[in-house]
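Close look at the chain arrangement
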Amino acid sequence: MPGPRGPRRPFAGRRVVLGVTGGIAAYKAVTVARDLTLAGAQVDVVLTEGALEFVRPLTFEGLTGRTAHVGAWEPGEPLLHIRLAREADAVVVAPATANFLARAAAGMADDLLTAVLLATEAPVVLCPAMNDRMYAHPATQANLRRLAEIGYRLAGPAVGPLAWGEGEGPGRLIDPDEILAHAGRALEPAGALAGRRVVVTAGGTREPIDPVRFVGNRSSGRMGYEVAAAAWRRGAHVVLVSAPSHLVPPPGVELVRVETAEQMRAAVEHALPSADALVMAAAVADFRPADPAAQKIKKEAGEVPTIRLEGTADVLLSTRAARPAGCVVVGFALETADVLANGRKKLEAKGLHLLVANDATETGAGFEVDTNRVTILSRDADDEHLPLLSKAEVADRILDRVEPLLSADGAR
Ligand code: CTP
């Protein structure tokens, strides 16, 4: 799910060393360098000798506005590896070839990039990319285990088309948006959500009328997807219970796809017992057709069917017993009138810690837009009126309020 393009948390003002090694996928590193820079990071690119066969330093310099460093040791700055290593807030290597992983696993320092890895105390994200047989080789697998043991974060590889003529398999570099998400998680300072389990619901449920028609609503799922992405970035394990949505699921989250309110209720009930927080951003249908037809309803001459509706279970209310002690619960209220009064009623009635209220009639808020203007209500603090913000920023403001409410006894 591509985020907004401008400077943003946690990239703005941070320093990232982007290591590029010699594989076909090096072309994707160009996009990563650009996107990190657009997100506000200062990006120091370090290319290995092998990478030079695929991409040129000038390309990166044009996109980052900074010198791209090459190969081994450059004249003029003998301690360049120490400076880059010290200044980095995160090191990301994308693509990381089998050869590079072997050198890193062995703790070698025979070029600038491996020397930076040895000298840095910053979090390191390695994004493997290679032919599927090279990836499956026991030597590569042993190297990956060793690298994980050292504490490096491994991101990918994905399964998909490899180099020309090589078909599909595991070994493909993850997409630039995913690399950015992993870089974001590495840059995020350890906060209260690290290691916690967060359940997020998103999207609008669909209640079948017959096998091809449904009663639905206009929720795009964006608000919930942004909350899930931000919670994962802050180090949480995230279960995203999603009603149908066209959005690409955020990397890292455990996705549970559902369709109806009843399926959402069951999925939430299943995930809740181990949850530290539940953020209920889904637009759950309140009514559903009482007798969905087993076959497509045909257009009989002159007849218009009457669809009788019945109530669905309220997910927040009906899963209350499954909430573990200390679980922080956040609800949403999309209103068209008396926003705050209605929001406060829902806060009390549904036993919530926080309620995010917004007015569906306001421009830039509500369904099918990337922005939202919300007020966060809580049981014991003043209402927090937020300005018009991107949904990604709203997600962070919500999580800023969730973090202090988490029980002090650490992750479950
Ligand atoms: N919600 C829920 N189960 C439902 C309906 C809503 O858990 N069947 C949750 C929503 O995910 C949201 C909160 O309850 O977090 C408030 O949803 P909203 O639709 O605003 O309120 P309703 O309780 O449905 O009340 P009304 O439609 O009358 O405003």
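Computed from a predicted structure; not experimentally measured.

Cut-offs applied
Residues numbered from 1 in each chain as written. Predicted model: local features only at pLDDT ≥ 70, side-chain atom pairs only at ≥ 80, totals over all residues. Heavy atoms only, no water. Helix = DSSP H or I, 4+ residues; strand = E, 2+ residues; numbered from the N terminus. Contact = heavy atoms within 4.5 Å. Areas by Shrake-Rupley, 256 points an atom, 1.4 Å probe, with all protein chains shown as cover. Lys, Arg positive; Asp, Glu negative; His and termini not counted. Charge placed at Lys NZ, Arg CZ, Asp CG, Glu CD. Pairing = 2+ DSSP bridges. Axes fitted to C-alpha atoms, helices over the stretch in contact; angles between N-to-C directions. Core = buried A, V, L, I, M, F, W, Y, C linked by side-chain atoms within 4.5 Å. Buried < 20%, exposed > 50% of the residue type's maximum accessible area, 1.4 Å probe, protein only. Near = heavy atom within 4 Å. Polar contact = N/O pair within 3.5 Å; in protein donor to acceptor, adjacent residues only side chain to side chain. Salt bridge = Lys/Arg side-chain N within 4 Å of Asp/Glu carboxyl O. Domains from an automatic or database assignment. Buried area = accessible area lost by both parts, 1.4 Å probe.

1. Describing the overall build of the protein chain
The helix and strand inventory of the protein chain stands at 13 helices and 22 strands. Along the longest, intermediate and shortest principal axes, the C-alpha atoms of the protein chain span 80 × 55 × 40 Å. Sequence-distant contacts, at least 24 apart, represent 68% of the contacts inside the protein chain between residues at least 6 apart. Here the protein chain displays about 18,800 Å² of accessible surface, and carbon together with sulfur accounts for 53% of that area. Each charge class in the protein chain was averaged separately, 45 positive and 50 negative side chains, and the resulting centres sit 1 Å apart.

2. With respect to the sheet that holds strand β6 (residues 153-154)
Adjacent strands of a sheet form backbone hydrogen bonds with each other and so pair up, either parallel or antiparallel. The strand order β3-β2-β1-β4-β5-β6 describes an open sheet built from 6 strands, whose pairing is parallel. Each edge of the open sheet is held by one strand with a lone partner, namely β3 (69-70) and β6. Along the sheet face, helix α1 (residues 26-38) touches β1 (15-20), β2 (42-47) and β4 (90-96) and points at about 170° away from the line of β1.

3. Here's the deal with the nonpolar core
Within the largest apolar cluster, 34 residues are counted, with the highest numbers of intra-cluster contacts made by Val20, Leu36, Val45, Phe60, Val92 and Cys127. Those elements giving two or more residues to this core turn out to be β1, α1, β2, β4, β5 (124-128) and α8 (176-187). The dominant element in this core, judged by the number of residues it contributes, is α1, at 6 residues. With near-sequence residues (within four places) excluded, Val92 lies in contact with Val16, Val17, Leu18, Gly19, Val125, Cys127, Ile179 and Ala183. Counting residues in hydrophobic clusters, the runner-up holds 33 residues, among them Ala231, Val238, Ala277 and Leu386.

4. Regarding the site of the ligand
Close to the ligand lie 16 residues, the nearest being Met280, Ala282, Phe332, Lys346 and Lys350. Within the backbone of Met280, an N or O atom sits 2.8 Å from an oxygen atom of the ligand. Val315 is positioned such that a nitrogen or oxygen atom in its backbone is 2.8 Å from a nitrogen atom of the ligand. Its free accessible area being 570 Å², the ligand has 76% of it covered by the protein chains. Those elements that place two or more of their residues in the shell around the ligand are α11 (315-318) and β17 (328-335). At 4 residues, β17 tops the list of elements feeding residues into the shell around the ligand.

5. Some words on the pattern of salt bridges
This model, assessed by the stated rule, comprises 32 salt bridges. For Arg401, the salt bridge goes to Glu384, with nearest N and O atoms at 2.7 Å. Taken together, the residues Arg401 in helix α13 (residues 391-402) and Glu384 in strand β21 (residues 384-385) connect sequence positions 17 residues apart. Relative accessible area serves as the criterion here: at 19%, Arg401 is assigned to the buried category. Exposure remark for Glu384: the relative accessible area of 22% places this residue in the partly exposed category. Connected via shared salt-bridge partners are Arg9, Glu188, Arg233, Arg234, Asp396, Asp400 and Glu403.

6. Here we look at the sheet that holds β21
Read from one edge of the open sheet, 8 strands run β13-β12-β9-β14-β17-β18-β20-β21, paired in mixed fashion. Sheet topology places β13 (254-257) and β21 at the edges, where each strand pairs with a single neighbour. Bridging between strand β20 (residues 374-378) and β21 involves 2 bridges; their strand directions are antiparallel. Across the sheet, Ile376 pairs through a bridge with Glu384, a residue of β21. Seen against the sheet, α13 touches β14 (277-280), β17, β18 (354-359), β20 and β21 and runs at an angle of roughly 10° to β20.

7. Quick notes on the domain arrangement of the protein chain
When cut into domains, the protein chain gives domain 1 (15-187) and domain 2 (197-405). One C-alpha centre belongs to domain 1, the other to domain 2, and the line joining them spans 38 Å. With 5 residues of domain 1 at the interface, the matching set in domain 2 holds 5 residues. Between domain 1 and domain 2, roughly 470 Å² of surface is buried when both sides are summed, and carbon and sulfur atoms account for 66% of that area. Taken as a group, Ala181, His182 and Arg185 account for 80% of the area that domain 1 buries against domain 2, more than any other trio of residues on that side. Put simply, domain 1 and domain 2 have 0 salt bridges between them.

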